[in-house]
Amino acid sequence: MNMTTTVDNGVNVEALLGARQALTDMPEAAQFKWRATCAWVNGTHSRSSVSSFYGLGSEQAHKTEFKYDADHPAIFASEDKGATPVEYVLVGLASCLTAGIAAVAQNRKIQLRSVKATLEAGMDLAGILGIDSEVRNGFSGIKVIFEIDADATREAINALVAQSQRRSAVFDIVTNPTNVSVEVK
Amino acid sequence: MTRGARGAGATDVIVIGAGHSGLAMSGFLSANSVEHVVLERGEVANSWRHERWDSLRLLTPNWQSRLPDYCYEGADPDGFMTMPEVIRFIARYAGFVGAPVRTATTVRAVRQDGEGFCVVTDQREWRCRAVVMAGGAHGIANLPPLAAALPAAVRSLTSKEYRRPGQLDDGGVLVVGASATGVQLADEIRASGREVVLAAGEHIRMPRVYRGRDVQWWLTAAGILDQRFDQVEDLVRARRIPSPQLVGTPSRATLDLNALTDRGVNIVGRVVGVNAGKVQFSGTLRNECAMADLKQGRMLDAFDALAERSAFTAALEPVQRPAPTRVPEMPRLALDLARERIRTVIWATGFRPDFSWLQAPVFDAKGRLRHHGGIVAPGLYVLGLNFMRRRKSSFMHGAEDDVRELGTHLLGHLERVPEHAIRQNPDERVAASK
């Protein structure tokens, strides 16, 4: 392991640790609200956007509004104008775990050179199509494979990946039940 | 034991709890000629007598069972004490230090009163200059809120209420929690012939014996048990770490998830919900097991490194690492209690100390006692909590260092607080028995 050069994964760990201390002392500032809006376009095609959120006690905004097209592929008789909603779940999980790996690596003074995640989720359509009530609608399981090139032992990399799961919001969201309320205004 | 009339009594120090740490503090105070009484809701070693399951043995070997100037002197230093042996060991220690214990005396309230304290019990009221809370870390069994959502047909009990498999319905059992308690209960209930599902969240894996030596020997040799509270990086987390998967048996066997899988226990993830008669489990089991394996590996690496640079290497057995935890390809995410004939859920989800009687502004926003290495407020001390001053603080052998340090601090406090602070009337003074 290279102990002399400075490790830089582009993560400001001091700022994160500072935020952790500040939010421990001010629990109300730690209350965040994440938001998205979605408008139907046509068929199974919809367009979602993300711009504002709430945190640190006040309204916040992204630098720009991000837009996401979701649709289904042609074999579902759709026009394939975007990724499927379940693929967005994989995108969320992959990007959350990857961000976590960078942050934990920075904190543990591990220099990353490349991190690549490949995800695959199984799904039995007998669930959503109502063919078999024993089959769940969602994924039957998710497999994530990381290829990581870093200045660290295999064991330290495994520990990095394990810790990123412990601290990941999306990993928690997909592994544990969450109450969801859906209303019509 | 001193018998006074009902009404206010006065003494210098009140120790609450006649378990090993309260008695050790009593011994320290007597040795320093400090007048005190030990208030005990039941009898000496009460929770060991009345709040443990029948088969339990200490997780620490007999050679480690020691209190100030007092240690195990039997023929089996590598064995593990049964509950009757623990009770005898502590009761004899109470006699050894001549502790002025008032049994069957329950503390109802403790409050600061001028420069001293007022201690209200179901027998009488006391005034004193210092209070040592030694009721232990296991006052209240943690019960997650979702326990209330279990169907009425399923019996729910905590590890404090569990005694033996024979008290359970013949149906299946869900044991929640995979620390020392959870793995031990899962093992003995499975051995009774019942179907057992064990829900495992974060857990600490440890071999009972490594390279021929007990893991407690290694932890001691590596200085881990002596690590101080002001030297660890994340004290909040260190205090929350669950007890390691250990059992004390004559065969010195390791009891980990692999051993339980071999015996037919079904391992599932952490309990995260109860919905329509189904218990839901987290999909994080694989990661929890991977983490426990990694941490055990790091610990054993440290033991091997220690052996490398020590004289005892030659006396050790060769390095042999435990196999990784086997996790089912698809751990189950839900359990239909009625359909699977699960009749009992046992919550082995940890404990928290009971300070409900403490009326002082010494709690944090989550209701946890604030303390700095056992010092709660001027004249107010606590003993025996997890990682209170050292990693070993909650163990019997951890009492000695903590009692010496906090006792010394307490003597300093008594010097600063004048005796008349607690004396309304000299006649109220109750003679200490020592």
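Just so it is clear, the model here is predicted, and its values are computed rather than measured.

**Student:** Can you help me understand the domain arrangement of chain B in this one?
**Tutor:** How big an interface is tends to be stated in terms of the accessible area lost upon association of its parts. One can read the domain layout of chain B as domain 1 (8-139 + 353-428) and domain 2 (144-347). For domain 1 of chain B and domain 2 of chain B, the distance between their C-alpha centroids amounts to 30 Å.

**Student:** Is there a simple way to think about the packing of helix 1 (residues 20-31) of chain B against helix 3 (residues 83-97) of chain B in this case?
**Tutor:** To describe two helices that pack against each other, one gives the angle between their axes and the distance between the axes. Residue and element names in this part refer to chain B. Packing of helix 1 against helix 3 leaves a shortest axis separation of 9 Å and a crossing angle of 10°. Between helix 1 and helix 3, the angle falls in the class roughly parallel. For the element pair helix 1 and helix 3, the recorded crossing hand is left-handed. Contacts from His-20, Leu-23, Ser-26, Gly-27 and Ser-30 in helix 1 reach Ile-90, Tyr-93, Ala-94 and Val-97 in helix 3.

**Student:** Where do I start with the domain arrangement of chain A in this structure?
**Tutor:** Residue and element names in this part refer to chain A. Under the domain assignment used here, chain A contains domain 1 (9-83) and domain 2 (84-176). The gap between the C-alpha centroids of domain 1 and domain 2 is 18 Å. Listed as interface residues are eight residues of domain 1 and, on the opposing side, 11 residues of domain 2. Counting only elements with at least two residues in the side of domain 1 that touches domain 2, the list comes to helix 1 (13-25) and strand 4 (58-70). Looking at the side of domain 1 that touches domain 2, its residues break down into six nonpolar, two polar and no charged.

**Student:** Mind showing me how you'd approach the interface of chain B and chain A here?
**Tutor:** Counting from both sides, the interface comprises 13 residues of chain B and, opposite them, 10 residues of chain A. For the side of chain B that touches chain A, the elements supplying multiple residues, two or more each, are strand 18 (271-275) and helix 8 (285-308) of chain B. With five residues, the top contributor of residues to the side of chain B that touches chain A is helix 8 of chain B. Its residues assigned to classes, the side of chain B that touches chain A comprises six nonpolar, seven polar and no charged.

**Student:** Help me understand helix 2 (residues 85-107) of chain A, please; the structure alone is not making it clear to me.
**Tutor:** For the α-helix, the turn length of 3.6 residues means that residues three or four positions removed from each other point alike. Residues and elements named next belong to chain A. With 23 residues, helix 2 should reach 33 Å at 1.5 Å per residue; the first-to-last C-alpha distance of 33 Å fits that figure. Of the residues making up helix 2, those classed as buried are Leu-90, Leu-93, Cys-96, Leu-97, Gly-100, Ile-101, Val-104, Ala-105 and Gln-106. In this structure, the buried residues of helix 2 make contact with helix 1, strand 5 (112-122), strand 6 (141-150), helix 3 (154-166) and helix 4 (169-175). Lys-109, located one to two residues past helix 2, shows a positive phi value of around 60°.

**Student:** I would appreciate a short explanation of the sheet that holds strand 10 (residues 130-133) of chain B in the present structure.
**Tutor:** The strands making up a sheet are joined through hydrogen bonds of the backbone, oriented either antiparallel or parallel. All names here are of chain B. With mixed pairing, six strands are arranged side by side in an open sheet as 6-3-2-10-25-24. Single-partner strands in this sheet number two, and they are strand 6 (101-102) and strand 24 (375-377). Pairing between strand 24 and strand 25 (residues 380-382): two bridges, direction antiparallel. Each bridged residue has a counterpart across the sheet, and for Ile-375 the counterpart in strand 25 is Tyr-381. Against the sheet, helix 1 engages strand 2 (13-16), strand 3 (36-39) and strand 10, with an angle of about 160° to strand 2. Contacts between helix 9 (residues 399-416) and the sheet are confined to strand 2, strand 10, strand 24 and strand 25, with strand 10 contributing the most and set at about 160° to the helix.

**Student:** Before we go on, may I ask you to explain helix 1 of chain B in this structure?
**Tutor:** All names here are of chain B. Here helix 1 is 12 residues long and its end C-alpha atoms lie 16 Å apart, about the 16 Å a rise of 1.5 Å per residue gives. Burial analysis of helix 1 places 10 of its 12 residues in the buried class, which makes it a mostly covered element. The set of residues buried in helix 1 consists of His-20, Ser-21, Gly-22, Leu-23, Ala-24, Met-25, Ser-26, Gly-27, Phe-28 and Leu-29. Those residues of helix 1 hidden inside the fold are in contact with strand 2, strand 3, strand 4 (66-67), helix 3, strand 10 and helix 9. Once helix 1 ends, the next one or two residues include Ser-33, with phi positive near 55°.

**Student:** Can you walk me through the nonpolar core in this structure?
**Tutor:** When a protein is soluble and globular, its nonpolar side chains tend to lie buried together. All names here are of chain B. Core analysis: the biggest nonpolar cluster contains 126 residues, and Ile-14, Val-131, Val-132, Leu-174, Val-175 and Leu-198 have the highest contact counts within it. Element by element, the count of residues in this core is highest for helix 8, at eight residues. When residues no more than four places from it in sequence are discounted, the contact partners of Leu-174 are Val-197, Ala-199, Val-279, Leu-335, Ile-342 and Val-345.

**Student:** Explanation requested: the sheet that holds strand 23 (residues 358-359) of chain B in the structure shown.
**Tutor:** Residue and element names in this part refer to chain B. Across the sheet, which stays open at both edges, the five strands sit in the order 1-9-8-7-23 with mixed pairing between neighbours. The open sheet terminates on both sides in strands that have one partner only, identified here as strand 1 (8-10) and strand 23. Where strand 7 (residues 107-113) meets strand 23, two bridges bridge the pair, whose relative direction is parallel. Following the sheet pairing, Arg-111 is matched in strand 23 by Gln-359.

What counts as what
- Residues numbered from 1 in each chain as written.
- Chains lettered and ligands numbered in written order.
- Predicted model: local features only at pLDDT ≥ 70, side-chain atom pairs only at ≥ 80, totals over all residues.
- Domains from an automatic or database assignment.
- Axes fitted to C-alpha atoms, helices over the stretch in contact; angles between N-to-C directions.
- Helix = DSSP H or I, 4+ residues; strand = E, 2+ residues; numbered from the N terminus.
- Parallel < 35°, antiparallel > 145°, perpendicular 65-115°, else oblique.
- Left-handed = near helix turned anticlockwise from the far one by under 90°.
- Contact = placed C-beta atoms within 7 Å.
- Nonpolar A, V, L, I, M, F, W, Y, C, P; charged D, E, K, R; others polar.
- Expected span 1.5 Å × (residues − 1).
- Buried ≥ 20, exposed ≤ 12 C-beta atoms within 10 Å, placed from the backbone.
- Pairing = 2+ DSSP bridges.
- Core = buried A, V, L, I, M, F, W, Y, C linked by C-beta atoms within 7 Å.

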